[in-house]
Amino acid sequence: MTLAGTTAPRVPTAEQIARAPKVLLHDHLDGGLRPETIVELAADCGYEGLPTTDPVELGVWFREAADSGSLERYLETFAHTCAVMQTREALVRVAADCAEDLAADGVVYAEVRYAPEQHLEAGLTLDEVVEAVNEGFRLGEANARARGHRIRVGTLLTAMRHAARSQEIAELANRHRDRGVVGFDIAGAEAGHPPTRHQAAFDYLKGENNHFTIHAGEAFGLPSIWEAVQCCGADRLGHGVRIVDDITVGEDGRVELGRLAAYVRDKRVPLEMCPTSNLQTGAAASYAEHPIGLLAGLKFRVTVNTDNRLMSGTSMSREFGHLVDAFGYTLGDMEWFTVNAMKSAFLPFDERLAMINDVIKPGYAELKAEWLFGPRG
Ligand SMILES: O=c1[nH]cnc2c1ncn2[C@@H]1O[C@H](CO)[C@@H](O)[C@H]1O
Ligand SMILES: [Zn+2]
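About the criteria used
- Residues numbered from 1 in each chain as written.
- Chains lettered and ligands numbered in written order.
- Predicted model: local features only at pLDDT ≥ 70, side-chain atom pairs only at ≥ 80, totals over all residues.
- UniProt positions renumbered as here; feature names shortened; annotations may be inferred.
- Helix = DSSP H or I, 4+ residues; strand = E, 2+ residues; numbered from the N terminus.
- Contact = placed C-beta atoms within 7 Å.
- Buried ≥ 20, exposed ≤ 12 C-beta atoms within 10 Å, placed from the backbone.
- Core = buried A, V, L, I, M, F, W, Y, C linked by C-beta atoms within 7 Å.
- Expected span 1.5 Å × (residues − 1).
- Near = placed C-beta within 6 Å.
- Nonpolar A, V, L, I, M, F, W, Y, C, P; charged D, E, K, R; others polar.
- Pairing = 2+ DSSP bridges.
- Axes fitted to C-alpha atoms, helices over the stretch in contact; angles between N-to-C directions.

### Quick notes on the UniProt feature "binding site: Zn(2+)" (unreviewed entry) in the protein
UniProt marks His 26, His 28, His 215 and Asp 307 with the feature "binding site: Zn(2+)" (unreviewed entry), using the numbering shown here. A compact arrangement is adopted by the annotated residues: their sequence extent is 282 residues, whereas the largest C-alpha distance between any two is 11.9 Å. Position of His 28 relative to the elements: it lies in strand β1 (residues 22–28). Every residue in contact with His 28, bar those within four places of it in the chain, is listed here: Arg 113, Tyr 114, Asp 307 and Asn 308. Looking at where His 215 falls in the secondary structure, it is placed in strand β5 (residues 212–216). By the C-beta count within 10 Å, which is 29 here, His 215 ends up buried.

Here is the structure:
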């Protein structure tokens with residue numbers, strides 16, 4: 001007897017991927033604006049530096065400019081988004097758009113990051129920036145709810161690694177803790193800016209029992225990951241793709257982990273992987289060759305993320321779509337990535353557990369059962 005045709009289809013449809021509950025841990029607020037919002041905000045504040053004021057052309061421009069193969073060139077594009085995010089109204093609008101866009105894409109929980117120090121040009125204080133962004137997220141959550149989408153958004157405050165404000169930003173994150181801010185991050189060009197430059201900020205946050213993630217192992221290799229984990233004490237790694245440099249796969253398929261890779265896996269250090277962004281900055285050659293396939297196969301604590309939806313022309317559904325195409329992932333695999341992400345979130349344990357048991361698992365169970373009730377021949 002053959003069982004062909006009587007089991008669940010392996011590969012989820014694009015429509016199922018879109019409806020599946022998703023959790024996003026690594027998304028930059030200033031990397032996710034809608035092109036039309038940028039054009040409107042630029043007109044409002046008199047910013048004349050945009051390469052074009054046609055929203056469609058502008059979206060293409062960001063994707064192409066970010067497609068440079070270098071993290072430094074990729075980061076140059078943020079000058080335009082930050083330029084139009086300098087007032088309270090602009091920050092409220094961008095954050096509200098962000099929550100609505102993520103919710104419409106099936107994201108149920110997101111941690112969105114931004115660098116408050118990059119939004120002070122029109123006179124806002126650091127605290128006013130945080131308050132405006134939080135107001136925008138609460139508005140976006142409510143707007144999403146009115147359209148039947150459920151989403152919770154927390155923020156991570158980023159300090160720029162080339163600058164010298166990390167202590168101030170860490171204190172800001174601590175001050176706004178439990179009021180929208182769930183943690184801290186450092187970002188920006190990696191080479192020449194090791195995370196230990198910001199050791200005082202990390203030590204301060206540890207002293208306060210607060211949480212932080214560090215962009216590491218994206219443009220730079222193992223030493224940056226080692227410092228982030230062993231010196232700074234990062235709770236998670238932003239990207240962390242270069243951990244594969246400490247893994248050897250023999251001709252016979254035998255896998256050997258070096259000490260650092262073994263530590264990262266043993267300690268369940270979450271890796272915030274962003275496949276499309278890595279292709280653009282040259283950290284990976286193709287989706288099929290992206291280290292996420294190997295690392296997920298080895299059961300590292302891998303999560304799937306967008307990084308910058310504008311610069312990468314992406315969404316959580318698109319990232320999963322690419323991975324499904326490249327690796328044949330099933331709904332069960334998507335659920336594994338999503339539970340990994342929820343376990344790794346900077347939300348209190350009871351809330352993470354409820355998200356997993358009451359939102360994520362029932363959502364996937366329903367999707368997994370759909371094949372039973374579809375049209376039959
Ligand atoms: O992938 C990345 N690696 C390092 N830095 C990044 C990446 N994406 C964005 N930013 C930087 O983080 C700032 C705050 O959101 C952005 O302005 C950008 O400079
Ligand atoms: Zn990032």
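Still more ground to cover, so stick around.
### Description of the nonpolar core
Counting residues in each nonpolar core, the largest one holds 106 residues, and the members touching the most others are Leu 91, Ala 95, Ala 99, Val 133 and Ile 151. Looking at this core, the element that brings in the most residues is helix α6 (residues 88–104), giving 10 residues. Here Leu 91 is in contact with Met 85, His 119, Val 129, Ala 132, Val 133 and Gly 136, once residues within four sequence places are set aside.

### Things to note about helix α14 (residues 316–327)
Between its first and last C-alpha, α14 extends 16 Å over 12 residues, near the 16 Å set by a 1.5 Å rise per residue. Every buried residue belonging to α14 is among Met 316, Ser 317, Glu 319, Phe 320, His 322, Leu 323 and Val 324, and all of these are buried. Just downstream of α14, Gly 328 is the residue with a positive phi angle, here 65°.

### Digging into the site of ligand 1
Close to ligand 1 lie 18 residues, the nearest being His 28, Leu 75, Phe 78, Ala 115 and Ala 187. Counting only elements with at least two residues in the shell around ligand 1, the list comes to α4 (71–76) and β2 (107–114). Its residues assigned to classes, the shell around ligand 1 shows 6 nonpolar, 8 polar and 4 charged.

### Comments concerning the sheet that holds β1
Across the sheet, 8 strands lie side by side as β1-β2-β3-β4-β5-β6-β9-β10; this open sheet has parallel pairing. With one partner strand each, in any of the chains shown, β1 and β10 (302–304) form the two edges of the open sheet. The mean inter-strand angle of the sheet, taken between neighbouring strand axes irrespective of direction, is 25°. Pairing of strand β9 (residues 271–273) with β10, which is carried by 3 bridges, proceeds in the parallel orientation. Within β10, the position partnered with Glu 272 by the bridge is Thr 303.

### Description of the UniProt feature "domain: Adenosine deaminase" (unreviewed entry) in the protein
Under the present numbering, the feature "domain: Adenosine deaminase" (unreviewed entry) in UniProt falls on residues 21–361. Within the segment residues 21–361, helix and strand shares are 48% and 15% respectively, and the terminal C-alpha atoms sit 9 Å apart.

### Topic: the environment of Arg 161
Assignment of secondary structure puts Arg 161 in the loop between β3 (152–160) and α8 (166–175). Residue classification places Arg 161 among the buried residues on the basis of 22 C-beta atoms within 10 Å. Note: C-alpha distance between Arg 161 and Gly 192 (31 residues apart in sequence) is 9.5 Å. For Arg 161, the residues in contact, after removing those within four places along its chain, are Ile 186, Ala 187, Gly 188, His 193, Arg 197 and His 198.

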